[in-house]
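# Observations on chain architecture
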Amino acid sequence: MSQKQVGGPPGDNSTVDWCLYQLNGAAEFEVSEADIISTVEFNHTGELLATGDKGGRVVIFQREPESKNEPYNQGEYNVYSTFQSHEPEFDYLKSLEIEEKINKIKWLPQQNAAHSLLSTNDKTIKLWKITERDKRPEGYNLKDEEGKLKDLSTVTSLQVPVLKPMDLMVEVTPRRIFANGHTYHVNSISVNSDCETYMSADDLRINLWHLAITDRSFNIVDIKPANMEDLTEVITASEFHPHHCNLFVYSSSKGSLRLCDMRASALCDKHSKLYEEPEDPSNRSFFSEIISSVSDVKFSHSGRYMLTRDYLTVKVWDLNMETKPVETYQVHDYLRSKLCSLYENDCIFDKFECAWNGSDSVIMTGAYNNFFRMFDRNTKRDVTLEASRESSKPRAILKPRRVCVGGKRRKDDISVDSLDFTKKILHTAWHPTENIIAIAATNNLYIFQDKVNSEMH
Amino acid sequence: MEFKLEAHRIVSISLGKIYSARGQRGGLKLHKNLLVSLVLRSARQVYLSEPGCPPEPPPAACGPPEEPPPSPPPPPPQDEAGPRLPGAACQGPRPRRCCCGCCCCCASAGGEVNREAARPDCAAASAAAAPPPPHCPRKRSAAERGQAGSPVKKPRREAEEPPPPPPPPQGEQEDMETGNVASLISIFGSSFSGLLSKEPKGRRRPPLDGGEAAAATPAEAASEPGQICCDEPVLRTLNPWSTAIVAF
């Protein structure tokens, strides 16, 4: 099979060969549930990569700057900081435990030397500030080296304290805690392009917050019916438009997208645009509703398109066309005949995320058996790759994988029945500008780079 | 028949999921439970539709918002009443089918015994195996009414008769547990409404914690197997499950 794969800037016929750059995480038999990665996010420059896990921890990786001295370390993402973002809590009124699992992390655009990110669990959003300290003042007059006050009689002269270099220390502090805004489980957060506000969405409501104000938020979408018996759909994901600070989109469990304009009214229950594709009646089954539920929605970098993921497909929607998506890609259509088993083992409820590359020419999403898929929108080619220790030797090019559905089976093909449904890639992220991808496979973080990219360093 | 078996299997699986969801960490997941209840509804519909009966479209609550919601009175078209008391829409003797899972207590109630005995596939077998769900007398009346007049309108009204869903605890309007119990109310329709009227006060109050939700769920789950366990082969396989649910 040809090694040519998808990728590359639009109009460029060069292809991308992905190779494993690094792998972080313990071997599989040592996994504890708390280590399972639950979200992955690059910052706006791609210099930092944050992961959140089920244990409420956030780990931030920083890319090593290029240096001629150590060519092999360049571009490597090293652990920059680890901190406990959320702890398990107990809601005494409802006798419910609140999980500490980090559902989403979103970086704020950098405005000064510090980096900031928002992290959220089911109920509470926190703003963390990450600062570096690599110098410390020495030579105080009144304090000694340990900080104890000096005996004044020993002070005979005055000196000016000087800043001396020290080992780099990364400090993380919680600057804001946005609590008590949500009754239901928070599924997404999104920072507005105005850099002042952000929104958080739970199953039935979306709130707008100001980054500096924690004691109140504005409810901008509320789909809770007067009678809960009439509940038919919930909000599954939401995102602000990358350029227009008044526009945002939210997806529903029924497979529809609603684009809302905050200029239209204070409460955006009435959408400006509704994106919905009529169901194909030939595909109707007991599980049609479940598989049409949108698990993730992402605006393209250009702001012209939206990408949605439902159980079996990824779809590209043009903001100007509400009737149907402009592109639909099958992620693993061979599962369509297995929906009943997948319902039984709960896999049908898995929420896969999706991602755009920097130029919006390639889209990526995860699947089972630690497979992930990429679709090139220009060439219409797609590829299936695997994130596993066995099949990825560092610097070796990833081999495309194939799932055979019966009929002729080629060597190295995997049959549908041998797929491991416990190995699922739900969370993936693409570097904002380069061909570097971060793939979370259970507790392991794989970083793949374009071979050309990595060789240039 | 295959579809019925598959539908029945899906109903069992769905009930199991709803039941086990109450104990999970982090509280009830509204999204997942909504999806499970939608599947349960579809499977239940398919299971209860017989050859000769027109297949029912999705229940009003599942439909687009323009359709009349299930709770307010306007009598819906024949089809839509299906999920409320699906048996009633089909044939004369059919309504009794809804009781036959609990015909044990119907038997004890006396008057219905003769009618129940007339249906061979709904016999004492189920009576012996499953302990009587307490709501049976209520269901019997639904069956009677179902026979008498328009089988469609009456059951629907009957569904509206029972007291409204239990008020939220301590003025907490946004209790997720209430919401989900209420969803289950709409799923199980009249059988659940019967359940509500018969349950002691303690059970009707919306659960403050997952434990109490369990009390409601298995009890209402019991109504489901009760309703559908009329085919003997299915009956035999189902009974241990329904027994377990009810016993719990």
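Just so it is clear, the structure is predicted and the values come from calculations on it, not from any experiment. (Residues numbered from 1 in each chain as written. Chains lettered and ligands numbered in written order. Predicted model: local features only at pLDDT ≥ 70, side-chain atom pairs only at ≥ 80, totals over all residues. Heavy atoms only, no water.)

### Some details on the overall build of chain B
What counts is decided by this rule: Comment: elements are numbered from the N terminus, with helices defined as DSSP H or I runs of at least four residues and strands as E runs of at least two. Burial status follows relative accessibility: with a 1.4 Å probe on protein chains alone, a residue under 20% of its type maximum counts as buried, one over 50% as exposed, and anything between as partly exposed. Contacts between residues were defined by any pair of non-hydrogen atoms, one from each residue, lying within 4.5 Å. For accessible areas, the Shrake-Rupley method is used with a probe of radius 1.4 Å. Any residue's cover is judged against the shown protein chains and nothing else.
A count of helices and strands for chain B gives 12 helices and 0 strands. Counting from the amino terminus, helix and strand elements in chain B follow one another as α-α-α-α-α-α-α-α-α-α-α-α. Looking at chain B as a whole, 56% of its 248 residues are labelled buried. Taking contacts inside chain B between residues at least 6 apart in sequence as the whole, the part at least 24 apart equals 72%. Total accessible area computed for chain B in this model is approximately 9,900 Å², and 61% of it derives from carbon and sulfur atoms.

### Here's the deal with a nonpolar patch on the surface
Quick reminder of the rule: In this analysis, a patch consists of residues with relative accessible area above 30% that form no salt bridge, clustered at 9 Å for like charges and at 5 Å for the nonpolar side chains Val, Leu, Ile, Met, Phe, Trp and Tyr. Think of a salt bridge as a Lys or Arg side-chain nitrogen and an Asp or Glu carboxyl oxygen that are within 4 Å of each other.
A cluster of nonpolar side chains, contributed by Leu142, Leu149 and Leu152 of chain A, occupies part of the molecular surface with about 370 Å² of accessible area. Along the chain, Leu142 of chain A falls in the loop between strand 10 (125–138) and strand 11 (162–178).

### Regarding the environment of Leu28 of chain B
Residues and elements named next belong to chain B. Mapped onto the elements, Leu28 comes out in the loop between helix 1 (2–21) and helix 2 (30–48). With relative accessibility at 8%, the residue Leu28 sits in the buried group. Sequence-wise, Leu28 and Ile18 are 10 residues apart; in three dimensions their C-alpha atoms are separated by 9.3 Å.

### Section: the environment of Pro88 of chain A
Looking at the element boundaries, Pro88 of chain A is found in the loop between strand 5 (77–84) and strand 6 (89–91). Separated by 106 residues in sequence, Pro88 of chain A and Asp194 of chain A place their C-alpha atoms 32 Å apart. Beyond its immediate stretch of four places on either side in the chain, Pro88 of chain A contacts Glu97, Ile98 and Glu100 of chain A together with Arg25 of chain B.

### Brief notes about the sheet that holds strand 8 (residues 104–107) of chain A
Residues and elements named next belong to chain A. We count it as follows: Here, a strand pair is defined by DSSP locating no fewer than two bridges between the strands. Fitting a line to C-alpha atoms yields each axis, with helices limited to the stretch in contact; the angle taken between N-to-C directions then spans 0 to 180 degrees.
Spatially, the 4 strands line up as an open sheet ordered 8-9-10-11, and their pairing is antiparallel. With one partner strand each, in any of the chains shown, strand 8 and strand 11 form the two edges of the open sheet. Strand after strand, the sheet turns through a mean of 25 degrees between neighbouring axes, direction not considered. Across 13 bridges, strand 10 lies against strand 11 in antiparallel orientation. Opposite Glu132, over in strand 11, you have Val170 as the bridge partner.

### Description of unusual backbone geometry
Residue and element names in this part refer to chain A. One non-glycine residue, Lys380, lies in positive phi territory at about 65 degrees. Its place among the elements puts Lys380 in the loop between strand 26 (371–376) and strand 27 (382–386). Judged by its relative accessible area of 48%, Lys380 falls in the partly exposed class. Even without being glycine, Asp412 reaches a positive phi, approximately 75 degrees. Secondary-structure assignment places Asp412 in the loop between strand 28 (403–404) and strand 29 (414–415).

### Comments concerning the nonpolar core
Definition in use: Among the buried residues, those of types Ala, Val, Leu, Ile, Met, Phe, Trp, Tyr and Cys that are joined through side-chain atoms within 4.5 Å form a nonpolar core.
Phe287, Tyr311, Leu335, Tyr343 and Ile348 of chain A are the most contacted members of the largest nonpolar core, which has 56 residues in total. Secondary structure elements with two or more residues in this core: helix 1 (288–292), strand 21 (305–309), strand 22 (313–318), helix 2 (339–344), strand 24 (354–356) and strand 26 of chain A together with helix 1 and helix 2 of chain B. Not counting residues up to four positions away in its chain, the partners in contact with Tyr311 of chain A are Ile291, Ser293, His332, Leu335, Leu339, Leu342, Cys347, Ile348, Asp350, Phe352 and Tyr368 of chain A. Residues Val16, Met374, Ile439 and Ala441 of chain A belong to the second largest nonpolar core, which totals 19 residues.

### What about the side chain of Lys298 of chain A?
All names here are of chain A. Under the convention used in this document: Distance and chemistry together define a polar contact, namely a pair of N or O atoms within 3.5 Å, with one atom able to donate a hydrogen and the other to accept it when in protein, and with adjacent residues in sequence counting only for side-chain atoms on both sides.
By secondary structure assignment, the location of Lys298 is in strand 20 (residues 296–299). By relative accessible area, Lys298 is classed as buried at 16%. At 2.8 Å, the side chain of Lys298 and the side chain of Asp296 are in polar contact.

### Notes on the pairing of strand 4 (residues 57–63) of chain A
Residue and element names in this part refer to chain A. Burial analysis of strand 4 places 6 of its 7 residues in the buried class, the great majority of the element. Pairing of strand 3 (residues 48–53) with strand 4 involves 5 bridges; the strand directions are antiparallel. Its bridge partner being in strand 4, Ala50 is matched across the sheet by Ile60. Where strand 4 and strand 5 come together, 7 bridges link them in antiparallel fashion.

### Topic: the state of the cysteines
All names here are of chain A. As a reminder of what qualifies: Defined by distance alone, a disulfide is two cysteine sulfur atoms within 2.5 Å.
Here the structure, examined in full by the defined rule, presents 0 disulfides over all chains. Among the cysteines around Cys195, which has no disulfide bond, Cys245 carries the closest sulfur, lying 9.9 Å off. Take Cys347: it sits in no disulfide, and the sulfur closest to it among the cysteines is that of Cys340, at 13 Å. Taking relative accessible area as the criterion, Cys347 reaches 5% and is therefore assigned buried.

### Observations concerning the pairing of strand 31 (residues 436–441) of chain A
Residues and elements named next belong to chain A. Most of strand 31 is tucked away, with 6 of its 6 residues classed as buried. Burial along strand 31 is two-sided: Ile436, Ala438 and Ala440 and Ile437, Ile439 and Ala441, pointing in opposite directions, are all buried. Two elements, strand 30 (residues 427–430) and strand 31, share 4 bridges in a ladder whose sense is antiparallel. Across the sheet, residue Trp430 finds its bridge partner in strand 31, namely Ile437.

### A look at the sheet that holds strand 14 (residues 205–210) of chain A
All names here are of chain A. The antiparallel open sheet is built from 4 strands, whose spatial order is 12-13-14-15. Either end of the sheet is taken by a strand with one partner, and the two such strands are strand 12 (188–191) and strand 15 (218–222). Mean inter-strand twist for the sheet, computed between neighbouring axes without regard to direction, equals 20 degrees. Across 4 bridges, the pairing between strand 14 and strand 15 is antiparallel. Among the inter-strand pairings, Arg205 is bridged to a residue of strand 15, identified as Asp222.

### Regarding the confidence of the model for chain B
Residues and elements named next belong to chain B. For clarity, the cut-off: What pLDDT conveys is the predictor's confidence in a given residue, as a value from 0 to 100.
When pLDDT is averaged across chain B, the result is 50; 19% of the residues are at 70 or more. Every residue in residues 52–183 scores below 50 in pLDDT, and together they form 218 contacts with partners more than four places removed in sequence or on other chains. Residue range residues 185–248 is modelled with pLDDT below 50. Its contacts to residues more than four positions away, or to other chains, number 141 contacts. Taken together, the chains of this predicted complex give a pTM of 0.71 and an interface ipTM of 0.87.

### What to know about the pattern of salt bridges
Residue and element names in this part refer to chain A. Evaluation of the coordinates by the stated rule reveals 35 salt bridges over all chains. Put simply, Asp333 and Arg336 hold a salt bridge, and the shortest N to O gap is 3.0 Å. Through salt bridges with shared partners, a single network forms among Asp35, Asp53 and Arg57.

### Concerning the packing of helix 1 of chain B against helix 2 of chain B
Residue and element names in this part refer to chain B. Counted only if it meets this: Orientation is classified from the angle alone, with under 35 degrees giving roughly parallel, over 145 giving roughly antiparallel, 65 to 115 giving roughly perpendicular, and any other angle giving oblique. Each helix crossing is assigned a hand: it is left-handed if the near helix lies turned anticlockwise from the far helix by less than a right angle, otherwise right-handed if that turn is clockwise. Lys, Arg, Asp and Glu make up the charged group, whereas Ala, Val, Leu, Ile, Met, Phe, Trp, Tyr, Cys and Pro make up the nonpolar group; the residues left over, Gly among them, are polar.
For the pair helix 1 and helix 2, the least separation of the axes is 8 Å and the interaxial angle reads 150 degrees. Here helix 2 runs roughly antiparallel to helix 1, going by the angle between their axes. In this structure, helix 1 crosses over helix 2, and the sense of that crossing is left-handed. Taken together, the residues of helix 2 that come into contact with helix 1 (itself represented by Phe3, Lys4, Ala7, His8, Ile10, Val11, Ser14, Leu15, Lys17, Ile18 and Ala21) are Asn33, Val36, Val39, Leu40, Ala43, Arg44, Val46 and Tyr47. Taken together, the residues that form the contact of helix 1 with helix 2 break down as 13 nonpolar, 3 polar and 3 charged.

### Quick look at the side chain of Asn192 of chain A
Residues and elements named next belong to chain A. With respect to the secondary-structure elements, Asn192 resides in the loop between strand 12 and strand 13 (197–201). Residue Asn192 is classed as buried on the basis of its relative accessible area of 2%. Not counting the four nearest positions on each side in its chain, Asn192 is found in contact with Thr197, Tyr198, Phe240, Cys245 and Met262.

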